[in-house]
Amino acid sequence: MQTFLEETIEELLKKHEDIAQLTIILPSKRAGGFFKYYLRKQIHKTSFLPKIISIEEFVEILSDIKIIDNTRLLLKSYEAYKQTTSIKEKEEFESYASWVQTLLNDFNEIDRYLVDTDKFFHYLGSIKSLEHWSMKEQPTDFITNYLSFWNSLPEFYDRLKSNLLKDGLGYQGMVYRKAAEELEHYLTSHGDKPHVFIGFNALNKAEQNIIKELLETGNSEIYWDADAHFFEGKDHNASQFMKEYFKTWKYYSGSKPALSSNFRKFKSFRFIEVQKNIAQVKYAGQLLARMTQEELDETAIVLADENLLVPLIYSLPPQLNSVNITMGVSIKNFPASTLFLALLQMHQKKTTQWYYKDVFRLLNNPIGAKLIPDAKVIVSKMSRQNYTYISLEQLIDLSEGNSEENLKILFGPWNDDPFLAITHSKKLLLQLKTLTRENPMERVTVFELYKVFDNICVYAKDFAHLNSVKTIYSLLQEALSTSTTDFKGDAYKGLQIMGVLETRVLDFKNIILLSVNEGYLPSGKSNASFITYDLKKEYELPLFTDKDAIYTYHFYRLLHRAENIWLLYNSSSEGLNVGEKSRFLLQLEIEKHENHQIVKEMVTPLISISNEQPLKIDKSNSVMKRLQEIAEKGFSPSALTAYIRNPVDFYLSRVLKINEADEVEETVDFQTLGTIVHNCLQTFYEPLEGSMLTKVDLEAMKNRINEEVTREFEKTFMKGEYTKGKNLLIFEVTKRYIENLIQLDLADLENGHKIRILQIETKLHMPLPIDEISFPIALQGTVDRVDERDGVVRIIDYKTGNVLKGDLEIIEWEELRSDYKYSKAFQVLTYAMMIHGQGSITQSEAGIISFKNLNSGFLKFGTKTSSRSARDQVITEATLDTFKTELVMLIREICDPEIPFIEKEV
C-alpha cells in the first residue's frame, strides 16, 4: 500500500530537481515528522532537507508574533477586561475565568475568518438587545448591565489585541488574521520561493487567502488528500470544502484535480456492535492478539472518544513488541494532581480548625500518605476519637512524631498568601521527586506539576490580580485541564494509537476505529459560543453542519487506502450516550461500492445463569473452640438474634470478631443516640434502686436533663460537634426522649400507681446446661430496667427506634428461632428467663418502651391464637419453659459441629 505522503513525495521528486529549495507546509508537526520519515526512505542521494513546518508555525512566521498559551491568555485577557472602561461592574478573576473561555473561542473564530469586527459586534449587541426587549419603559439594572457588557465588547477586544501585540504575542485567530494582513510583505521577500501545501481540507478564511495568494505566484502548489470517488460523484460532505475551493479559487479557474481513486478498491468492513465502552477496548485487544507483527506494523487504533485510552492500554495483549501512543494522558485525575487541588481548595477557607473530610482527603491520598508517614495512625485516631474539626496542634499530637514538618506545611496557616501557597506546594513536590522514584507514572506527574507551579509562580509575579489562594487554585485547575504526559514510542514502527485529528495525512492498511457513535463521529452540535446561528450564517462563520462535514472528511479519509476496517460502536444507553451508531455506518451501507464487503457482528457478553447456592461455612475445630469461648462467657440476646437474622453475619461478627472500621461520626447515629439515652437514664434511675419512685425524684431528674445529656454527648460523641446543625436537633430530641419517659412515670404516679425500682442496667448471667453439648453454656446480658408497678414485676427494654405492639406478639413459638421479625420478643423473653432464674420472681411482664412510640406506653410481650383471641401477657414459669425449649434448640444448632453456618437472604 502506497500512502498519501509517499505518493506526494514521489510527485515532488519528479517535479523538482532540488527539493531542498521547497518550503513544505503540513497540517501538524506530527505530519511533518512522517513526511521526513518517508522522504528519507525515497531519496537515494545525499541532499539537504526542505524546510518542513506546520501551518501554525508558518502563520507565526508570516505574522511575526507567537501564539500564546491558554493560561497566559486567560491572565492577559483579565488584565484587558479590568482596563475596559465601558464595563462598569467588574467580576472577580474566579468568576471571570468561568465564562471567558467561550468568549475567547469566539474571538478566535471571528479572527480566523477575517470578520469585520466593528459591524459584527454592533450586530451582536443589537441581537442581545432584541432578546431582552420589553414593553416596560425602563429595563432593570441587571438587564442594563447585561446589555452594557455586550456593547463594551469592541473596546475589550481592541484592548486585548493591543496588549498582546506589545508583547509580540497573540491568540491563534489573531495570529492568523495578522498573517493574512502581512502576506504582501512576506511575498515581497519570499515570493520567488516555492511553497508546497500538503493534506489540507477545511480552511478558514485566513488560510484560504494565504494559500490562494501563494498559489497565484505560480511557483507554489497544493496537494489535496482527497479521493476521486467523493469529488467526482454526487454531493458528498467528505469533499464539500474542496469542491467549493475548485469553484471559487481563481487559481483553478474551472480545472479539475488529478486525484487517485483508492476508495473504490477492495475493502473489508466489519461493523461491531458491543455493549458498554469497556467491551470495545476488550474486543480491540482480542483483535490485536490475533495479528502478526507485520500486520501490527500496518495497524492503527483510532479513538473517537479519547477517554478510552487508559482502559485500552490495560487491554493490550502482552505479546506486543512496539506501541506508539500519539496522544498524551491528562494528569488532571492522577493522585498527585488531586492532592494539590484538594490542598489549595482547603486553604481557601480562613480557619485554623480543619474539617475532617478535607483532612482525610489529603491523608488518604496515596501521594499524601508518602508525605505524611503517620497518615494511617492520624486517620485511625481521628475516627476513634470522632474529630469532625481538628487543628494543626491536635494533628501533631495524634501523630507519632514522624510527620511534624509536613503537617505544618499542609495544615498550618497560609494567610491567603498566593506566594506562600506556591512555595509550600513546590517544597512538597521537591520531596515527592525522591519519594516517587520507584513509580514512573507518579514521578512524571510530579515533574509536570512542578513545571505547572513554576509557571504559576511567574504568572503570580507578572499579574497583580493573582492575589489569593483562590486565584492560584483557579489557575491550577486551568493548567491541569490542558497538562498531559506523553508516552515514549517509535512513531514509525509498531501499533499506532491515536485520536481522530492526529490521523491527518497518515494512512494505514488496518484500521480499528472505536466509538463510531453519534456524538463522537460526528461530534454533534455544541452550544459553547455566544454567537447566534443567524449571526454565524450572516458572517460566513462555520456552522454545526460545516463541523459535521469536517468529521465526515476525517472519517472517510481514514478509509481511502485502508483494506481491513473494524468499526466499533457502543449500543448501550448510558448517561448522555444514547447508544446510537454513527450516521457514517448507515451511509457506508447505503452507498456500498461493489468492491466493498460489509459484515455486521454483535458482540454480547457471555451470560451464565447459575443456581447460586447460599454461602456455607463449615465449623472447623478452631471455630468450635471459639464457639465454646462464647458459650462459656454467655450468649447475649443480641448475639442470638444476630444468628437468627443471618448465621453468616453471626460468624463474621461474633466468631471472627470482624467489626466495621472506625469512622468519624459526623452526624449522631442511632447507636450513639441509644447509648446516650441509656446512660442518662441509668444516671437518673440507678440511685433509686430498691426505692419507690416519687414525684420529687422525677421533678429533680427533669431539672438535670440538659446537664446530663450534655455530659453524655461529650463522653460518647467525644470530639464531635453537637452545638449546631443536625446534631443540635438530635441533642434536643435526646432531651425530649428522656423528658417524655420521666413524664410517663410522673403520669403513672399522678394516676395513683406505685412504682418501685428493682434493677437498673443490671448485668445478668445464668448457666444453661444442655445435655447434648459437651461444654458449659450460659446466657448473659444487661437489662435496662426492672421495676414493680402495683405489685406486678415489669422487665423493660428501652428502644430509641420505632417498635409496634405487633413486634412483641407471637402465635407459633417455633417462629421465635427462625424469623427475625420476632427478635424483640426473643430478647425480652431471654431477659425474663435470666431475671426469673435469680429465684425471687415467678411471674412478670416483659416488654419494650419505644421512645418513638411512647404514646403506646409499655409494649408487653404476649401470645395469641390465629383467631386473634385475647393475648396472654403474663410471663409464668410455664411460658419460660416453652421458650426454653426453642432457645435450647437454637443453641444446639449454633454449637452443632455438623451444621454449617448457612447464609440467609436479609
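The structure this text deals with has already been given above.
Along each chain, numbering runs from 1 in the same order as the chain's sequence is written. With pLDDT at 70 or above as the cut-off, local features in this predicted model cover only qualifying residues; side-chain atom pairs require 80 or more to be listed or tallied, and sums for whole chains, interfaces and linings still use all residues. Only hydrogens and water are set aside; all other atoms, that is, all heavy atoms of the structure, feed into the side-chain values.

Enquirer: Hey, could you run me through the overall build of the protein chain in this one?
Expert: A count of helical and extended segments in the protein chain gives 36 helices and 26 strands. Atoms considered for the radius of gyration are the C-alpha atoms alone. The globule rule reads 2.2 Å times the number of residues to the power 0.38. Relative to a compact globule of 906 residues, whose C-alpha radius of gyration would be 29 Å, the protein chain shows 39 Å and is clearly more extended. Judged by the C-alpha coordinates and their principal axes, the protein chain covers about 120 × 65 × 65 Å. Buried positions account for 52% of the 906 residues belonging to the protein chain. The contact definition used throughout considers only heavy atoms, calling two residues in contact when any of these lie within 4.5 Å. When contacts within the protein chain are restricted to residue pairs at least 6 apart in sequence, long-range pairs at least 24 apart make up 77% of them. Of the roughly 44200 Å² that the protein chain leaves accessible, carbon and sulfur atoms contribute 48%. Each charge class in the protein chain was averaged separately, 108 positive and 128 negative side chains, and the resulting centres sit 2 Å apart. Per the convention used, a helix needs a DSSP run of H or I reaching at least four residues, while a strand needs a run of E reaching at least two, with both numbered from the N terminus. When a residue's accessible area, from a 1.4 Å probe over protein chains only, is under 20% of the maximum for its type it is buried; when over 50% it is exposed; and in between it is partly exposed. For accessible areas, the Shrake-Rupley method is used with a probe of radius 1.4 Å. Any residue's cover is judged against the shown protein chains and nothing else. Lys and Arg are tallied as positive, Asp and Glu as negative. Neither His nor the chain termini are counted. Charged side chains are reduced to one point each, which is NZ for Lys, CZ for Arg, CG for Asp and CD for Glu.

Enquirer: Please clarify how the packing of helix α17 (residues 335-346) against helix α25 (residues 469-482) should be interpreted in this entry.
Expert: A packed helix pair is summarised by two numbers, namely the angle formed by the two axes and the spacing between the axes. Here, axes are lines fitted to C-alpha atoms. For helices the fit covers the stretch in contact, and angles between N-to-C directions go from 0 to 180 degrees. Between α17 and α25, the least distance of the axes is 9 Å, while the angle of their chain directions is 155°. Considering their axes alone, α17 and α25 lie roughly antiparallel with respect to each other. Of the two elements, α17 crosses α25, and the hand of that crossing is left-handed. Within the contact between the two elements, α17 uses Ser337, Phe340, Leu341, Leu344 and Gln345 and α25 uses Val469, Ile472, Tyr473, Leu476, Gln477 and Leu480. Residues of the contact of α17 with α25, tallied by class, amount to 8 nonpolar, 3 polar and no charged. Roughly parallel means an angle under 35 degrees; roughly antiparallel means over 145; roughly perpendicular covers 65 to 115; every other angle is labelled oblique. By definition, any crossing whose near helix is turned counterclockwise from its far helix by less than a right angle is left-handed, and any crossing with a clockwise turn is right-handed. Residues are sorted three ways: Asp, Glu, Lys and Arg are charged, Ala, Val, Leu, Ile, Met, Phe, Trp, Tyr, Cys and Pro are nonpolar, and all the rest, Gly among them, are polar.

Enquirer: I tried to follow the packing of helix α5 (residues 93-112) against α25 on my own but got confused; where do I start?
Expert: Running from N to C, α5 and α25 point in directions that differ by 25°, and their axes come no closer than 9 Å. Between α5 and α25, the angle is such that the two are roughly parallel. Judged by residue contacts, Phe93, Glu94 and Gln101 of α5 engage Lys470, Thr471, Ser474, Leu475 and Glu478 from α25. For the contact of α5 with α25, the per-class residue count stands at 2 nonpolar, 3 polar and 3 charged.

Enquirer: Could you clarify how one ought to interpret the packing of aromatic side chains in this entry?
Expert: Each aromatic ring pair is described using two quantities: the centre-to-centre distance and the angle formed by the ring planes. Ring pairs shown here join Phe, Tyr and Trp side chains whose ring centres sit within 6.5 Å, with only the six-membered ring taken for Trp; geometry is labelled stacked below 30 degrees between planes, edge-to-face above 60, and tilted in between. Within the structure shown, the criterion is met by 51 aromatic pairs. Seen from their ring centres, Phe107 and Tyr157 are 5.2 Å apart, and the 80° between their planes marks the pair as edge-to-face. Here Phe107 is found in helix α5, whereas its partner Tyr157 is found in helix α8 (residues 153-166), with 50 residues between them in sequence. Both residues of the pair, Phe107 and Tyr157, belong to the buried class. Measuring from centroid to centroid gives 6.3 Å for Tyr643 and Phe901, while their planes differ by 70°, and the two rings are edge-to-face. Taken together, the positions of Tyr643 in helix α30 (residues 637-645) and Phe901 in strand β26 (residues 901-902) put the pair 258 residues apart, joining distant regions of the chain.

Enquirer: Help me understand the pattern of salt bridges in this model?
Expert: Two side chains bearing opposite charge may form a pair once their charged atoms approach each other closely. Salt bridges are identified by distance alone: a Lys or Arg side-chain nitrogen within 4 Å of an Asp or Glu carboxyl oxygen. Here the structure, examined in full by the defined rule, presents 41 salt bridges. Residues Lys799 and Asp797 are paired through a salt bridge, measuring 3.3 Å at the closest nitrogen-oxygen approach. Overlapping salt bridges, with partners in common, bring together Glu7, Asp225, Asp507, Arg557 and Arg561 in one network.

Enquirer: Looking at this structure, I do not really get the sheet that holds strand β21 (residues 792-799). What am I missing?
Expert: Pairing between strands requires that DSSP locate at least two bridges from one strand to the other. Across the sheet, which stays open at both edges, the 5 strands sit in the order β19-β20-β21-β23-β24 with mixed pairing between neighbours. Each end of this open sheet is capped by a strand with a single partner; those strands are β19 (755-767) and β24 (858-860). Strand-to-strand twist across the sheet, computed as the mean angle between neighbouring axes with direction ignored, equals 40°. Across 5 bridges, strand β20 (residues 778-789) lies against β21 in antiparallel orientation.

Enquirer: I would appreciate a short explanation of the pairing of strand β1 (residues 23-26) in the present structure.
Expert: A regular strand places its side chains so that they alternate between the two faces of the sheet. Here β1 shows a buried face lined by Thr23 and Ile25 and a second buried face lined by Ile24 and Leu26. Bridge count between β1 and strand β5 (residues 195-200): 3 bridges; the pairing is parallel. Among the inter-strand pairings, Ile24 is bridged to a residue of β5, identified as Val196. In this structure, β1 lies alongside strand β2 (residues 51-54), joined through 4 bridges in parallel fashion. The partner of Ile25 across the bridge, within β2, is Ile53. Looking down the strands as they point away from the viewer, one classifies a crossover as right-handed if the path from the first strand across the helix to the second runs clockwise. Assessed by its sense of winding, the connection that carries the chain from β1 through helix α2 (residues 29-42) to β2 is right-handed.

Enquirer: Help me understand the environment of Leu480 in this model?
Expert: Relative to the assigned elements, Leu480 resides in helix α25. By relative accessible area, which is 0% here, Leu480 ends up buried. In the structure, Leu480 is positioned 148 residues away from Lys332 in sequence and 5.2 Å away in space, judged by C-alpha atoms.

Enquirer: Honestly, the side chain of Glu60 in this entry has me stumped. Any pointers?
Expert: For Glu60, the position within the fold is in helix α3 (residues 55-63). In protein, a polar contact means a hydrogen-donor-capable atom and an acceptor-capable atom, both N or O and within 3.5 Å, with residues adjacent in sequence counting only if both atoms are side-chain atoms; elsewhere, any N or O pair within 3.5 Å suffices. A polar contact of 2.9 Å, which involves the side chain of Glu60, links it to the backbone nitrogen of Ile67. When near neighbours in sequence (up to four residues on either side) are disregarded, Glu60 contacts Ile65, Lys66, Ile67 and Val175.

Enquirer: What is the right way to read the sheet that holds strand β14 (residues 495-499) from this model?
Expert: In sheet architecture, strand pairing relies on hydrogen bonds along the backbone and comes in two forms, parallel and antiparallel. The parallel open sheet is built from 7 strands, whose spatial order is β9-β14-β8-β15-β16-β7-β17. The open sheet has two edge strands, β9 (323-325) and β17 (596-603), and neither has a second partner. Each neighbouring strand pair of the sheet contributes to a mean axis angle of 15°, computed without reference to strand direction. In this sheet, β14 lies alongside strand β8 (residues 299-303) in parallel orientation, the contact comprising 4 bridges.

Enquirer: I keep staring at a nonpolar patch on the surface and nothing clicks. Help me out?
Expert: Taken together, the side chains of Leu652, Leu656 and Ile658 present a nonpolar region at the surface, about 240 Å² in accessible area. Exposure remark for Leu652: the relative accessible area of 33% places this residue in the partly exposed category. Like-charged residues are merged into a patch within 9 Å and nonpolar side chains (Val, Leu, Ile, Met, Phe, Trp, Tyr) within 5 Å, provided each residue has over 30% relative accessible area and no salt bridge.

Enquirer: I'm lost on the side chain of Asn727 in this one. Help?
Expert: Relative to the helices and strands, Asn727 resides in helix α34 (residues 725-750). The residues contacting Asn727, other than those within four sequence positions of it, are Glu666, Thr667, Val668, Phe717, Glu721 and Tyr722.

Enquirer: Would you explain the pairing of strand β16 (residues 564-570) in this entry?
Expert: Within β16, 6 of the 7 residues are buried, leaving the element largely enclosed by the surrounding structure. Bridge analysis of strand β7 (residues 267-274) against β16 gives 7 bridges, and the strand direction is parallel. Opposite Phe269, over in β16, you have Ile565 as the bridge partner. Here strand β15 (residues 510-514) pairs with β16 via 4 bridges, running parallel. When the bridges of β16 are listed, Leu513 appears paired with Leu567.

Enquirer: Looking at this model, I keep getting lost on unusual backbone geometry. Mind explaining?
Expert: Glycine aside, negative phi is the norm for most residues, and most peptide bonds take the trans geometry. Between Leu521 and Pro522 the backbone carries a cis peptide bond, its omega angle lying at -5°. Topologically, Pro522 is positioned in the loop between β15 and α26 (533-538). Even without being glycine, Asn415 reaches a positive phi, approximately 55°. Structurally, Asn415 can be placed in the loop between α22 (404-411) and α23 (418-435). A positive phi is found at Asp790, a non-glycine position, where the angle reads about 55°. You can see Asp790 is positioned in the loop between β20 and β21.

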